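# Inside the fold
One-letter residues, chain by chain:
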Amino acid sequence: MIFVLAAFALALACTGNAANAAAKKPAAAPATQTVTVKYGPWTIPAGTMDRPGELPNVVSAAPKPCANCDIVGEKPDLVYADGSTADMNSGPMLHHFVISNLSAHDTVCPLSPDRIWASGDERTEKNMPDGYGVPVKSYDRWAMLTDLMNYSSAPKTVYISITYTITGAGATTPVRSLWLDAGGCLSSYYSVPAGPSTHTWSWTSTVGGRIVFANGHQHAGGVHVKAADDTTGALVCDSPATYDTMGGMSTIVRMGTCAGDPLATIRRGDRLTVTSYYDSPTAKNDVMGIVHAYIAEG
């Protein structure tokens, strides 16, 4: 269900004169509106703290927030039917979701659809720098992959709620997704030993332009994950994990975000490397280390 929360309008560019010389002022930021889409529902089986119930990797169609627009912000949450937040304090955990555009190919792993939005239980909010946005076209078809867990002894029915901030189609400089994954292109999962460890994966860029936003994703035991341009030595983003106690467990509640105009400028042929750092109390075979970035080509 789509709820329109604010009125929509188009902004006009403004110009002005500096003293003794004509000077063009920056274009005014386009007017925006927020649209909240609730995906679901899903009923997660009952579980325990040691063996949570799980709905692993369920794929479903995902409504878009608009037919033609630019998305400049995205804020995800896991909620109950009444809109209240569902989290590990009451049982449910948003292990991860990924929204892909089936009408386009992933830039980094072209055999996959274009992965444009994603989060784990950290529920990262994405806000593009002024003047940049993810374009949505009428012919785009979105699908959502979800993995949900439940530490409660009772089943829980939940929705993924995403609030998009949108503006008119073509009102921003378009950006495209760069999914930089320590697990590579075949799977996001990889293994870590007990104690400190690092894991890297590299990609030779097929695009050039300005990276303007990035954020990380890791599992429990993660310390931070970063992406860098090995060719130029430029750091793209270093995203640290922040922990808190929820449901009696230490869990990641926030991953750092990076935004800038630009964060880094990359060229076609540059070698980009994602490095995931863990300090896990036990060996695990199902961790992730992802930097999800957005690039304005050219």
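As shown above, the structure is provided for reference.
Quick caveat: nothing in here was measured; it's all calculated off a predicted structure. The residue numbering used here restarts from 1 in each chain and proceeds along that chain's sequence as written. In keeping with the predicted nature of the model, local features appear solely for residues at pLDDT of at least 70, side-chain atom pairs appear and are counted solely at 80 or more, and the whole-chain, interface and lining totals rest on all residues. With hydrogens and water set aside, each side-chain value is computed from the structure's full complement of heavy atoms.

### Regarding the pattern of salt bridges
The rule for a salt bridge is simple: a side-chain nitrogen of Lys or Arg has to be within 4 Å of a carboxyl oxygen of Asp or Glu. Taken as a whole and assessed by the stated rule, the structure comprises 6 salt bridges. For Arg-123, the salt bridge is made with Asp-121, and the minimal N-O distance between the two is 2.9 Å. In this structure Arg-123 comes out as buried when scored by relative accessible area, which is 14%. For every residue, the accessible area (1.4 Å probe, protein chains only) is compared with the maximum for its type, and the residue is labelled buried under 20%, exposed over 50%, or partly exposed between those bounds. Classification of Asp-121 by relative accessible area gives buried; the value is 9%.

### A few points about the sheet that holds strand E18 (residues 222-229)
Here, any two strands with at least 2 DSSP bridges between them count as paired. Helix and strand assignments follow DSSP, with helices taken as H or I runs no shorter than four residues and strands as E runs no shorter than two, numbered in order from the N terminus. Read across the sheet, 5 strands follow the order E16-E22-E18-E19-E20 without closing on themselves; strand pairing throughout is antiparallel. Strand pairing shows two members of the sheet lacking a second neighbour, strand E16 (195-204) and strand E20 (249-255), which therefore form its edges. When the angles between neighbouring strand axes are averaged without regard to direction, this sheet yields 20 degrees. Bridging between E18 and strand E19 (residues 234-246) involves 6 bridges; their strand directions are antiparallel. Looking at E19, one finds that Lys-226 is bridged to Asp-238. Helix axes are fitted to C-alpha atoms over the stretch in contact, other axes to C-alpha atoms as well, and angles between N-to-C directions run from 0 to 180 degrees.

### Comments concerning the state of the cysteines
Only a pair of cysteine sulfur atoms within 2.5 Å counts as a disulfide in this structure description. As enumerated under the stated definition, the model contains 3 disulfides in all. Note on cysteine connectivity: Cys-237 is disulfide-linked to Cys-258, with sulfurs 2.1 Å apart. Judged by the torsion about the S-S bond (75 degrees), the Cys-237/Cys-258 disulfide is right-handed. Of this pair, Cys-237 sits in strand E19 while Cys-258 sits in strand E21 (residues 257-266), placing them 21 residues apart in sequence. Using a relative accessible area of 1% as the deciding quantity, one classes Cys-237 as buried. Note on Cys-258: relative accessible area 12%, which makes it buried. Here the cysteine-cysteine linkages of the chain are recorded as 1-2, 3-4, 5-6, numbering only bonded cysteines and doing so in sequence order.

### Let's talk about the pairing of strand E24 (residues 289-297)
Most of E24 sits inside the fold, with 8 of its 9 residues counted as buried. Examined bridge by bridge, strand E14 (residues 176-181) and E24 share 6 bridges and lie antiparallel to one another. Opposite Asp-181, over in E24, you have Ile-290 as the bridge partner. In the sheet, strand E17 (residues 209-218) pairs with E24 via 9 bridges, with the strands oriented antiparallel.

### A closer look at the sheet that holds strand E11 (residues 142-150)
The strand order E5-E11-E7-E8 describes an open sheet built from 4 strands, whose pairing is antiparallel. Of all the strands in the sheet, the pair left with one neighbour each is strand E5 (53-61) and strand E8 (113-119). Across this sheet, the average inter-strand angle for adjacent strands is 15 degrees, counted without regard to direction. With 6 bridges connecting them, strand E7 (residues 92-105) and E8 associate as antiparallel partners. By the bridge assignment for E8, Phe-97 is matched with Ser-119.

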